[in-house]
Amino acid sequence: MKRILCLFTLLLSLPLSIFPTVSAAQLWWGYWNSGLGLTEVAPFEAGQNECCARVVATAVPQLMGAQLHAIRFYVSDKTAITSARIWVGSNEWGTDKAEVEIELSALRDIVHDGAATEVTLPEAVTLLPDANRYASTYIGFTLTIAGGQPPCYMLAAPSHASAFTNIARINGNRIELGATKGPLALQMLVSSDKLPAYSASPIMQEPFVATASTNHTLTMPLRLEGSTPVQSVDYEVYMDEERISQQHYDLPAPHDELFATTDIPIRFTAPATPQRYACTVHLTHINGEPNTSLASASEAASATVVSQLGERRVVMEEATATWCNNCTRGIVGMRRLNEIFGDRFIGIAMHGSDDPMLLRPYRTSRIGKKMSSLPIAYLDRTLELDPYIGTHALSDVHFYTDEAVSDHLAQPTVADISLSAAWSDEDRTAIDIETFTTFRYNADEAPYGIVLLLLEDGMSGEGRDWMQINGYSSTQDRGELDADMQDFVDAPYYIYNYVHNHVAVDVLSPDDGIPGSIVAPLVADAPQQFTLNWNIADNTLIQDKSQLHLVALLVNHDTTEIINAATADITGGGDGIEKMENEKSKMKNVSEDVYDLSGRRVGNDELRMKNECLHRGLYITSG
């Protein structure tokens, strides 16, 4: 589950004597997010550098007329700074409300000191005029630096929408910051008699799964909306209309960051009946006093209570192409994931247009249309990522995709699915398919379907269309790469006769699944059987039927998510190697073909070392 948390943890880790006394009416508010981290502001250069944040009344009406007492900001290298001041104004570069020079010895270095620079105003300043709801207050700091070291920080993403940063001035030149970076890492100590004394609201998470009759803990962000730091909470948990838990929780430290969140555990015992519920959390008391928040009862989240947890397999659908010069990293990423996770990972290569392996119905499906650039992939049709780099920045070309796959494997699933397949005739023109899907909860509705995919290994061909472009060839300067990319660093930019694996060559109902493959009602632990005879006689994309295997995706057509998946070899139909003796294969030099011990073609004698780099082991050659 993904969420943006505003955790002002630096405040809690520093000695209280450093800071002004925070009374019940004074709270820290602003931008700081230890979960997302900080990004250095650039470009900065020698000379005068200014940054400011704009606080907007329409975004934070609770703070109209509030008093501003102190300011925090973050610098990276105080040794580069020769003068510093903070200021508060009614316009971009105004100092009409407050201006304070800062002694250099008071600057804190976040890299070495691990703290913010904090400046107390001689007198409190009204943050937003009471009479004007369109009012703005600009809060900034000016740093004179001797070198080009970036002296301050932005957040990697906004913590909340109550203020924003849009301006910096570098030696008089105005530049935009917030549009490309995020808000300035800035905090303000504020007080207001318009804030309720005891007010906080829970922020419910995405739908979750719990096992019936077991103790469960839901981690939930708690948002402070009042003037009193939260030290304890009392809450009630409801499943549908029935209260199932009433708890008291003492926070390890007071939560005193206004409009920010901190995590609290929500504990309950899941109901005994496996079905879908609306889970609602009511925060009834703050520090023993009634919670006055208008949002004290959050919007209910969907909870699926299951009889038992299923065994999840993770599916990565990757958009790739022979003409894509960066897609060779996806080839390596897919290979690594198969090695690490075995049969709990299912990789599917979806080739793009102008590619000889294009499967148009798949590429133009909903998931295909979501992939606008190459290489790109989706895990379970919910998480977009790079097939090699994962969710890391594109500038960091190292293998991280296993992190995301591990996270998805740890997520519970509500159903198990098994798959078997056999050729229905000796000529291999049709496949008899059988699936068993076992849901672990009861429901009157079944928004599910099964997508069937045929994948082929060992696909190759002659000519420019089959040529794999390799942007990681040594002729290209790509910086430091992992050792597993060395095969492509050593390979030429144009790789002829490359052998492609796990290529999607046929698909049935790629969006919502085959009609009737899952039917309502769902009965917990009762398998649903689905059978189908799939005729592939007219498929002209398939090269070698002995190299095919089948994949079944259980999809939710309301959310498009892949709930679970299964894969199977296709049995029967004669010896796979003998099936190579057809008119198409006779046009190739069969004596050089290389097969694994299951009879699947994996390359040829001449090209395997420079293209495929087979793992050490036993292989069949000479047909």
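Calculation notes
Residues numbered from 1 in each chain as written. Predicted model: local features only at pLDDT ≥ 70, side-chain atom pairs only at ≥ 80, totals over all residues. Heavy atoms only, no water. Disulfide = S-S within 2.5 Å. Buried < 20%, exposed > 50% of the residue type's maximum accessible area, 1.4 Å probe, protein only. Phe/Tyr/Trp six-rings, centres within 6.5 Å; stacked < 30°, edge-to-face > 60°. Helix = DSSP H or I, 4+ residues; strand = E, 2+ residues; numbered from the N terminus. Contact = heavy atoms within 4.5 Å. Axes fitted to C-alpha atoms, helices over the stretch in contact; angles between N-to-C directions. Parallel < 35°, antiparallel > 145°, perpendicular 65-115°, else oblique. Left-handed = near helix turned anticlockwise from the far one by under 90°. Core = buried A, V, L, I, M, F, W, Y, C linked by side-chain atoms within 4.5 Å. Salt bridge = Lys/Arg side-chain N within 4 Å of Asp/Glu carboxyl O. Expected span 1.5 Å × (residues − 1). Pairing = 2+ DSSP bridges.

Trainee: What is the right way to read the state of the cysteines from this model?
Mentor: Disulfides are covalent bonds that link the sulfur atoms of two cysteine residues. Under the criterion given, the structure shown has 1 disulfide. Each sulfur of the disulfide joining Cys324 and Cys327 lies 2.2 Å from the other. Handedness here is read from the sign of the S-S torsion; for Cys324 and Cys327, about 85°, the answer is right-handed. Across the pair, Cys327 and Cys324 agree in class, each one buried. Free of any disulfide, Cys52 has its nearest cysteine sulfur in Cys51, 7.8 Å distant. Note on Cys52: relative accessible area 0%, which makes it buried.

Trainee: Would you mind showing me how to read the packing of aromatic side chains here?
Mentor: The geometry of an aromatic ring pair is captured by the separation of the ring centres together with the interplanar angle, meaning the angle of the planes. For the structure shown, the criterion picks out 8 aromatic pairs. Judged by centre distance (6.1 Å) and plane angle (40°), the ring pair of Phe488 and Tyr498 falls under tilted. Taken together, the residues span a long stretch of sequence, with Phe488 in helix H6 (residues 486-490) and Tyr498 in the loop between strand S30 (494-495) and strand S31 (503-508) at a distance of 10 residues. No difference in accessibility class separates Phe488 from Tyr498, as the two residues are buried. Pairing Tyr493 with Tyr494 gives two aromatic rings, centres 4.8 Å apart and planes at 85°, and the pair type is edge-to-face. Note on Tyr493: relative accessible area 24%, which makes it partly exposed. An aromatic cluster of three or more residues is present, and its members are Phe439, Tyr441 and Tyr448.

Trainee: Which parts of the structure should I look at to understand the environment of Glu318?
Mentor: For Glu318, the location among the structural elements is in strand S22 (residues 314-320). For Glu318, a relative accessible area of 3% puts it in the buried group. A sequence separation of 32 residues divides Glu318 from Met350, and the C-alpha atoms of the two residues are 5.7 Å apart. If sequence neighbours within four positions are ignored, Glu318 has contacts with Cys327, Gly330, Ile331, Met334, Ile348, Ala349, Met350, Met371, Pro375, Ile376, Ala377 and Pro387.

Trainee: Looking at this structure, I do not really get the packing of helix H2 (residues 328-341) against helix H5 (residues 401-409). What am I missing?
Mentor: Axes are the key here: two packed helices are described by the angle between their axes and the distance separating the axes. Two elements in contact, H2 and H5, have axes whose closest approach is 10 Å; the angle formed by their N-to-C orientations is 45°. Classified by the angle their axes make, H2 and H5 are oblique. Crossing handedness for the pair H2 and H5: right-handed. Counted together, Leu337, Ile340 and Phe341 of H2 and Thr401, Asp402, Val405, Ser406 and Leu409 of H5 form the full contact between these two elements.

Trainee: Help me understand the side chain of Ser199 in this model?
Mentor: Looking at where Ser199 falls in the secondary structure, it is placed in the loop between strand S12 (186-191) and strand S13 (200-202). On the basis of relative accessible area, Ser199 is assigned to the buried category, the value being 2%. Among residues more than four places away in sequence, those in contact with Ser199 are Arg223, Leu224, Glu225, Gly226, Ile286, Asn291, Thr292 and Ser293.

Trainee: Would you take a moment to explain the nonpolar core for this structure?
Mentor: A general tendency of soluble globular proteins is for nonpolar side chains to be buried together. The biggest cluster of nonpolar side chains holds 68 residues, and the ones touching the most others in it are Trp29, Leu68, Phe73 and Leu127. Those residues in contact with Leu68 that lie beyond four places of it in its chain are Val88, Leu121, Glu123, Ala124, Val125, Leu127, Ile139, Met188, Leu189 and Val190. The next biggest cluster of nonpolar side chains, apart from the first, holds 60 residues, and it includes Ile376, Leu453, Ile542 and Leu554.

Trainee: Sorry, what's going on with the pattern of salt bridges here?
Mentor: A side chain with one charge can pair with a side chain of the opposite charge if their charged atoms come near. Applying the stated rule across the entire model yields 14 salt bridges. Between Arg85 and Glu50 there is a salt bridge; the shortest N-O distance is 3.9 Å. Of this pair, Arg85 sits in strand S5 (residues 81-89) while Glu50 sits in strand S3 (residues 47-56), and the two are 35 residues apart along the sequence. Accessibility expressed as a relative area gives 18% for Arg85, which makes it buried. You can call Glu50 buried: its relative accessible area is 8%. Shared partners join several salt bridges into a network, and the residues in it are Glu50, Arg85 and Glu99.

Trainee: Even after reading the chapter, I still don't get unusual backbone geometry, so can you show me in this structure?
Mentor: Peptide bonds are trans in most cases, and residues, glycine excluded, mostly fall at negative phi. Put simply, Leu374 and Pro375 share a cis peptide bond, and its omega is -10°. Structurally, Pro375 can be placed in the loop between helix H4 (366-369) and strand S24 (376-379). Note the cis peptide between Ala520 and Pro521, where omega equals 0°. Inspection of the secondary structure assignment puts Pro521 in the loop between S31 and strand S32 (528-535). A positive phi angle, close to 60°, is found at Arg428, a residue other than glycine. With respect to the secondary-structure elements, Arg428 resides in the loop between strand S26 (415-423) and strand S27 (430-439). The buried category is assigned to Arg428, whose relative accessible area is 2%.

Trainee: Which parts of the structure should I look at to understand the environment of Tyr494?
Mentor: Within the fold, Tyr494 resides in strand S30. Taking C-alpha positions, Tyr494 is 6.1 Å from Asn470, a pair spaced 24 residues apart along the chain. With residues near it in sequence (within four places) discarded, Tyr494 still touches Met467, Gln468 and Ile469.

Trainee: Hey, could you run me through H2 in this one?
Mentor: Residues three or four positions apart in an α-helix share a direction because the helix packs 3.6 residues into each turn. An ideal rise of 1.5 Å per residue puts 20 Å on 14 residues; H2 measures up with 20 Å between its terminal C-alpha atoms. Burial analysis of H2 places 10 of its 14 residues in the buried class, which makes it a mostly covered element. Of the positions making up H2, those classed as buried are Thr328, Arg329, Gly330, Ile331, Val332, Gly333, Met334, Arg335, Leu337 and Phe341. With its phi angle positive at about 60°, Gly342 sits one or two positions after the end of H2.

Trainee: Explanation requested: the pairing of strand S4 (residues 67-73) in the structure shown.
Mentor: Along a regular strand, successive side chains alternate from one face of the sheet to the other. Of all the 7 residues making up S4, 6 are buried; the element is thus mostly covered by neighbouring parts of the structure. Pairing geometry for S4 and strand S7 (residues 117-126), over 6 bridges, is antiparallel. From the neighbouring strand, Leu68 faces S7, where its bridge partner is Val125. Pairing of S4 with S12 involves 6 bridges; the strand directions are antiparallel. Bridge assignment links Ile71 to a residue of S12, and that residue is Met188.

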